[in-house]
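Residues per chain, in single letters:
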Amino acid sequence: MFGVVRPCRHRMCGKLHTAWLGHLCGLCLTLRDEHGHRARLATNYDGLLISVLLEAQRAAPAPYRPAAPCALRGFQRASVLSSADPGARLAAAVSLVLAAGKTRDHVADRDGALRVPALAGVAGRLADGWAEAGARTGSGVGFDTGVLFAALARQAELESRVVPGVPVLVATEPTETAVAAAFAHTATLAGRPGNAAGLAEVGRYFGRIAHLLDAVEDHADDAVRGAFNPLRASGTDLAQARRLCEDAHHGLRLALADLELRDRRLVRALLDREVADAIERTFALAGRPGADHGLPLVPHGRSAQPAGHPVGRPEPRPDGCGAPLVRGGACVLTTCTCGLWQPRWSKHRRSNCGDRCWCTRHCDCGSCSNCGSCCDCCDCC
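Residues numbered from 1 in each chain as written. Predicted model: local features only at pLDDT ≥ 70, side-chain atom pairs only at ≥ 80, totals over all residues. Heavy atoms only, no water.

A. Spotlight on the overall build of the protein. When its secondary structure is counted, the protein shows 14 helices and two strands. Across the 381 residues in the protein, those meeting the buried criterion constitute 51%. Of all intrachain contacts in the protein linking residues separated by at least 6 positions in sequence, the fraction that spans at least 24 positions is 66%. Surface exposure of the protein reaches about 17200 Å², of which carbon and sulfur atoms provide 55%. (Helix = DSSP H or I, 4+ residues; strand = E, 2+ residues; numbered from the N terminus. Buried < 20%, exposed > 50% of the residue type's maximum accessible area, 1.4 Å probe, protein only. Contact = heavy atoms within 4.5 Å. Areas by Shrake-Rupley, 256 points an atom, 1.4 Å probe, with all protein chains shown as cover.)

Quick look at the structure:
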């Protein structure tokens, strides 16, 4: 499972995390029910944002069904989004098409085992099957996946134009366009056409952030393999990339605020707080000492930070959720205490008890004083 938005129950209110898991498992099981077990490989964390956005716009909650125990849930049962729900089906369609494109890229680059012609042939046929399945499922909910295929086809041509001095956003445009189309279609399915333009804007900003964060994470590996990376090709350094991500996140938040939603709690938790955390996590890991990402930083050994951010040693987030574990023992201690214990490198180490607690910093209302009435989900608050 790949994706930007990867929340953890220790950073999210219990009810919201349960709702998120219901959408994730609903996407996975929809892929299975519609296209077989192999299609579940296309499950990704960001695809479920589509069903989350659709449910948030509806006049009533989406239909859920009980699911059998699963190893990925610790063999626990769960209430998951129904496979018949149009949000789950749209999310499945988009996930299949994008997974097909990603697989074809790996085949073209002869990554890893795909250097073997026989394996590359199998992967290519799997990608073709996913693309066809995604088109069928998309058509079933009135979504033309042609815009996604067009964006994927345009990607290589645009990448060939990216040279030092050309804005890196030239390379992110196809991703922005594809995500914007998928997000905007949820307004059609929900019967809220007035949300379409705002959702397209949210999608464009989210697609930009996802593409840039992926480029930061893959920079070192792409350099070793000689693969295209938009940051290296355009000469964009770490500070510039972070500014672009944070500017996009600011625009995303403004667009979210203008949407007409029945329930915006899970949407805010994922597209506001969790996206912000993904930006912080990715750049902290990219800039920490010993991280060989090959990205130019500010001279004289000072880590690059955008304006308004303290210059100094980047501090990895202590939770480790959804990212490589940084100093594993500290992650365990911090997680098990909901953040009350903080390691010496944490910026929250000297904060008061309330500011150290994950529940305080990540609740919808941002304060424990009135938490129960504004988001009705922070039990520990």
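What follows continues from the structure just given.
B. Summary view of the packing of helix 3 (residues 86–109) against helix 6 (residues 169–190). Interhelical geometry of helix 3 versus helix 6 gives an angle of 160 degrees and a closest axis separation of 11 Å. In terms of orientation, helix 3 and helix 6 fall into the roughly antiparallel class. The two elements helix 3 and helix 6 cross, and the hand of that crossing is right-handed. The segment helix 3 lies against helix 6, with Pro 86, Leu 90 and Val 94 engaging Ala 182, His 185, Thr 186 and Leu 189. Broken down by class, the residue content of the contact of helix 3 with helix 6 amounts to five nonpolar, two polar and no charged. (Axes fitted to C-alpha atoms, helices over the stretch in contact; angles between N-to-C directions. Parallel < 35°, antiparallel > 145°, perpendicular 65-115°, else oblique. Left-handed = near helix turned anticlockwise from the far one by under 90°. Nonpolar A, V, L, I, M, F, W, Y, C, P; charged D, E, K, R; others polar.)

C. The arrangement of the pairing of strand 2 (residues 76–81) in detail. Of the strand pairs in this sheet, strand 1 (residues 64–70) and strand 2 are connected by five bridges, and their pairing is antiparallel. Note that in strand 2 the partner of Ala 67 across the bridge is Ala 78. A loop of five residues connects strand 1 with strand 2, the two strands running antiparallel in sequence, and Gly 74 in this loop sits at a positive phi of about 70 degrees. (Pairing = 2+ DSSP bridges.)

D. Structural detail: the side chain of Glu 176. Topologically, Glu 176 is positioned in helix 6. Here the side chain of Glu 176 touches Arg 208 through a polar contact of 3.0 Å, side chain to side chain. If near-sequence neighbours (up to four positions away) are discounted, Glu 176 is found in contact with Leu 169, Gly 203, Arg 204, Gly 207 and Arg 208. (Polar contact = N/O pair within 3.5 Å; in protein donor to acceptor, adjacent residues only side chain to side chain.)

E. Structural context of the environment of Leu 48. Looking at the element boundaries, Leu 48 is found in helix 2 (residues 48–57). Between the alpha carbons of Leu 48 and Leu 21 there is a distance of 9.5 Å; along the sequence they are 27 residues apart.

F. The arrangement of the nonpolar core in detail. Counting residues in each nonpolar core, the largest one holds 70 residues, and the members touching the most others are Phe 183, Phe 206, Leu 270 and Leu 271. For this core, the leading source of residues is helix 10 (residues 265–287), giving 10 residues. In contact with Phe 206, not counting residues within four places along its chain, are Val 4, Val 5, Asp 46, Leu 49, Val 179, Phe 183, Leu 252, Leu 271 and Val 275. (Core = buried A, V, L, I, M, F, W, Y, C linked by side-chain atoms within 4.5 Å.)

G. Representation of the packing of helix 9 (residues 238–257) against helix 10. For the pair helix 9 and helix 10, the least separation of the axes is 11 Å and the interaxial angle reads 175 degrees. Relative to helix 10, the element helix 9 lies roughly antiparallel. Of the residues in helix 10, those in contact with Leu 238, Ala 241, Arg 242, Cys 245, Glu 246, His 249, Leu 252, Arg 253 and Leu 256 of helix 9 are Val 267, Leu 271, Asp 272, Val 275, Ala 276, Ile 279, Glu 280, Phe 283, Ala 286 and Gly 287. Tallied by class, residues from the contact of helix 9 with helix 10 come to 12 nonpolar, two polar and five charged.

H. Representation of the confidence of the model for the protein within the structure. Looking at the protein as a whole, its pLDDT mean stands at 81, while 75% of the residues score no less than 70. With pLDDT under 50 throughout, residues 297–328 is counted as low confidence; its partners more than four residues away or in other chains account for 65 contacts. Note that pLDDT drops below 50 for residues 362–381; the model gives that stretch 35 contacts with residues more than four away or on any other chain. (pLDDT = per-residue confidence, 0-100.)

I. A look at the layout of surface pockets. The computed volume of the second largest pocket comes to approximately 620 Å³. Lining the second largest pocket are 32 residues, and of these Leu 21, Leu 24, Cys 25, Leu 72 and Arg 73 sit closest to its centre. Put simply, the parts of the chain that give the lining of the second largest pocket at least two residues each are helix 1 (14–35), strand 1 and strand 2. No other element matches helix 1, which puts 11 residues into the lining of the second largest pocket. (1 Å grid on protein atoms, 1.4 Å probe; cavity = no way out; pocket = protein on both sides within 12 Å on 5 of 7 lines; lining within 4 Å. Points joined across faces, edges and corners; volume = space filled by probe spheres on them.)

J. View of the environment of Arg 265. The residue Arg 265 is located in helix 10 in this model. As for Arg 265 and Ala 56, which are separated by 209 residues in sequence, their C-alpha atoms are 8.5 Å apart.

K. Main features of the pattern of salt bridges. In this structure the tally under the stated criterion is 15 salt bridges. Here Glu 217 ties to Arg 6 by a salt bridge, and the two come within 3.7 Å at their closest N and O atoms. Of this pair, Glu 217 sits in helix 7 (residues 196–225) while Arg 6 sits in the segment before helix 1; the two residues are 211 residues apart in sequence, bridging distant segments of the chain. Via salt bridges that share partners, Arg 32, Asp 33 and Arg 65 belong to a single interconnected network. (Salt bridge = Lys/Arg side-chain N within 4 Å of Asp/Glu carboxyl O.)

L. Layout of unusual backbone geometry. A positive phi angle, near 60 degrees, is found at Phe 75, a position not held by glycine. Looking at where Phe 75 falls in the secondary structure, it is placed in the loop between strand 1 and strand 2.

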